[in-house]
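Residue strings, one per chain:
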Protein chains: 2
Amino acid sequence: MKRFAIEFAYDGTKFFGYQGQPNVRTVQGDLEDALERIFKERIYTQAAGRTDAGVHANGQVAAFNCPIERLTEKDIKNALNANLPDDIYVKKAWIVDKNFNPRFAATKRIYHYFISTSEKDVFMRNYVWNFRYDLDVEAMRKAASFLEGEHDFSSFKKGKDEKNPVRTIYRIRILTLKKGLILIRVEGRSFLRSMVRNIVGSLVRVGLGQWKPEKILEVLEKRSRQEAAGTAPPHGLYLYKVLF
Amino acid sequence: MKRFAIEFAYDGTKFFGYQGQPNVRTVQGDLEDALERIFKERIYTQAAGRTDAGVHANGQVAAFNCPIERLTEKDIKNALNANLPDDIYVKKAWIVDKNFNPRFAATKRIYHYFISTSEKDVFMRNYVWNFRYDLDVEAMRKAASFLEGEHDFSSFKKGKDEKNPVRTIYRIRILTLKKGLILIRVEGRSFLRSMVRNIVGSLVRVGLGQWKPEKILEVLEKRSRQEAAGTAPPHGLYLYKVLF
């Protein structure tokens, strides 16, 4: 049986997150509904990352077995785009190994978080965090450097679900894309739940001058969620790219 | 009694157009509801242009009488933004003459229409016309030049409401903003209903090579809506700026 992977984008605004659950609209649910319309049977999918409600994706990756042998990569892309709602779009499809699971095969995940410090733009209200205060990007960069490498990220996780709180952040880059628009790019192999948004929330405290950059190191070392700042809102966050 | 004008932006996606009407969500209705919450009485507003369902605005202008004398321009802006839904945003407020009516006082209206010829971008699905075929921008520019100046635009109007179909287009500029993103900027004193979208629909025929640029002149001279191409969809259109 052929197995396909797909890379797809979605606007997370109207979803209760990625992961399928009953009675609410989820990305996984809509994807599996589209596959069911195509194949007339329920097809189970596996994805690289579970994004929370309101979080977007440029390049989420999922994989599934295809019950019709003759379908090509192009057929899969076209059939899915014809059957998906307009806030999900498949960019490409490719054939993968029988055992390919994007969750475990991923070697790098890249998240993007956008913060606007300009006056509100109605067209961006669901796509950037409109923050309205000036941020010291240099101080944020220094603070972010303390988070790179392997650490126990207990201070930046949500809840108690994950047993092992140790993760490796390969790199955090903070760019001013244009006046008033900041991009925080975080690269790692895998992340704890809400970890990127919790990091952004604390970096913003540094950017405001409320915390010195070194405070981030202190928060990290305390290994307690109470030490870090609040969680940044979901609508600024994008699962940008997954690498294998 | 003080009279204020406001310049405001809105995302037209979830509105049944600008003009107030019963039982549906309109921009004028939401604006007057916000004013009612502020002033505890119904305030009648006049606007520079009536945009159709799905059409956006960067700089719509409306005017109204203010029953509380002491309120400043800043008070008006802040009170409105605190009481408006998140898809309308007031950029500025200023005091105007007792008789100021933005509809008649406007000397220039600038509309922007965005066409994407790239692959679908889910985040832009409500904000550009995703057209997917290459367009010959040079041919479109030549066609557009026939529309500049004073003409009978009967071929580009909607319905029979307007008595006088003569309008003056000051200028049409067509810009390639980046690969695959085209902006059509149309400037005039006033426009017939759906006129900009009907013009865009016909320019796209030229851009596809289905019509020669000179065909636009022929369509214009026939003064009949049947001659022109279909109407471009509303979600690519923005009332960009109104000048007085």
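Quick caveat: nothing in here was measured; it's all calculated off a predicted structure.

## Considering the pattern of salt bridges
Scanning the model with the defined rule gives 38 salt bridges over all chains in all. Among the ionic pairs, Glu-36 of chain A bridges to Arg-42 of chain A, the shortest N-O distance being 2.7 Å. Asp-11 of chain B is the partner of Arg-125 of chain A in a salt bridge, and the nearest nitrogen-oxygen pair spans 2.9 Å. With one member in each of two chains, Arg-125 of chain A in the loop between strand S5 (108-116) and strand S6 (129-130) and Asp-11 of chain B in the loop between strand S1 (2-10) and helix H1 (27-39) form a pair that bridges those chains. Take Arg-125 of chain A and Asp-11 of chain B: they sit in the same class, and that class is buried.

## Focus on helix H5 (residues 195-207) of chain A
All names here are of chain A. For H5, which comprises 13 residues, the first-to-last C-alpha distance of 18 Å matches the rise-based estimate of 18 Å (1.5 Å per residue) to within 8%. Counting buried positions along H5 yields 12 of 13 residues, so the element is predominantly enclosed. By the burial criterion, the buried members of H5 are Met-195, Val-196, Arg-197, Asn-198, Ile-199, Val-200, Gly-201, Ser-202, Leu-203, Val-204, Val-206 and Gly-207. After H5 finishes, the residue Gly-209 shows a positive phi value of roughly 85°.

## Observations regarding the UniProt feature "binding site: substrate" (unreviewed entry) in chain A
All names here are of chain A. UniProt records the feature "binding site: substrate" (unreviewed entry) for Tyr-111 in the present numbering. Secondary-structure assignment places Tyr-111 in strand S5. If we skip the residues at most four places from it in the chain, Tyr-111 touches Ile-184, Arg-185, Val-186, Phe-191, Val-196, Leu-237, Tyr-238, Leu-239 and Tyr-240.

## Considerations on the relation of the copies chain B and chain A
Each copy superposes on the other: chain B lies on chain A with an RMSD of 0.0 Å after a rotation of 180° and an axial shift of 0.0 Å. The symmetry that links the two subunits is that of a two-fold axis. A share of 100% of interface residues in chain B that are also interface residues in chain A marks the association as one of identical surfaces.

## Let's talk about the nonpolar core
Membership of the largest hydrophobic core comes to 72 residues, with the highest contact counts inside it found for Ile-6, Phe-8, Ile-76, Leu-80, Ile-115 and Ile-184 of chain B. Counting residues per element, this core draws most heavily on helix H5 (residues 195-207) of chain B, which supplies seven residues. Split by domain, the residues of this core number at least three in each of domain 1 (2-104) and domain 2 (108-243) of chain B. In this view, Ile-115 of chain B contacts Trp-129, Phe-131, Leu-135, Gly-180, Leu-181, Ile-182, Ile-184, Val-200 and Val-204 of chain B; residues no more than four positions away in its chain are not counted. Among the nonpolar cores identified, the runner-up in size contains 71 residues, and Ala-47, Val-90, Ile-172 and Val-242 of chain A belong to it.

## A few points about the pairing of strand S10 (residues 237-243) of chain A
All names here are of chain A. As paired elements, strand S3 (residues 56-66) and S10 share two bridges and run parallel to each other. In the sheet register, Ala-57 faces S10, and the bridge partner there is Leu-239. In the sheet, S5 pairs with S10 via six bridges, with the strands oriented antiparallel. Bridging from a neighbouring strand, His-112 pairs with Tyr-238 of S10.

Reading guide: rules and limits
- Residues numbered from 1 in each chain as written.
- Chains lettered and ligands numbered in written order.
- Predicted model: local features only at pLDDT ≥ 70, side-chain atom pairs only at ≥ 80, totals over all residues.
- Heavy atoms only, no water.
- Salt bridge = Lys/Arg side-chain N within 4 Å of Asp/Glu carboxyl O.
- Helix = DSSP H or I, 4+ residues; strand = E, 2+ residues; numbered from the N terminus.
- Buried < 20%, exposed > 50% of the residue type's maximum accessible area, 1.4 Å probe, protein only.
- Expected span 1.5 Å × (residues − 1).
- UniProt positions renumbered as here; feature names shortened; annotations may be inferred.
- Contact = heavy atoms within 4.5 Å.
- Least-squares fit on C-alpha atoms with pLDDT ≥ 70 in both.
- Core = buried A, V, L, I, M, F, W, Y, C linked by side-chain atoms within 4.5 Å.
- Domains from an automatic or database assignment.
- Pairing = 2+ DSSP bridges.

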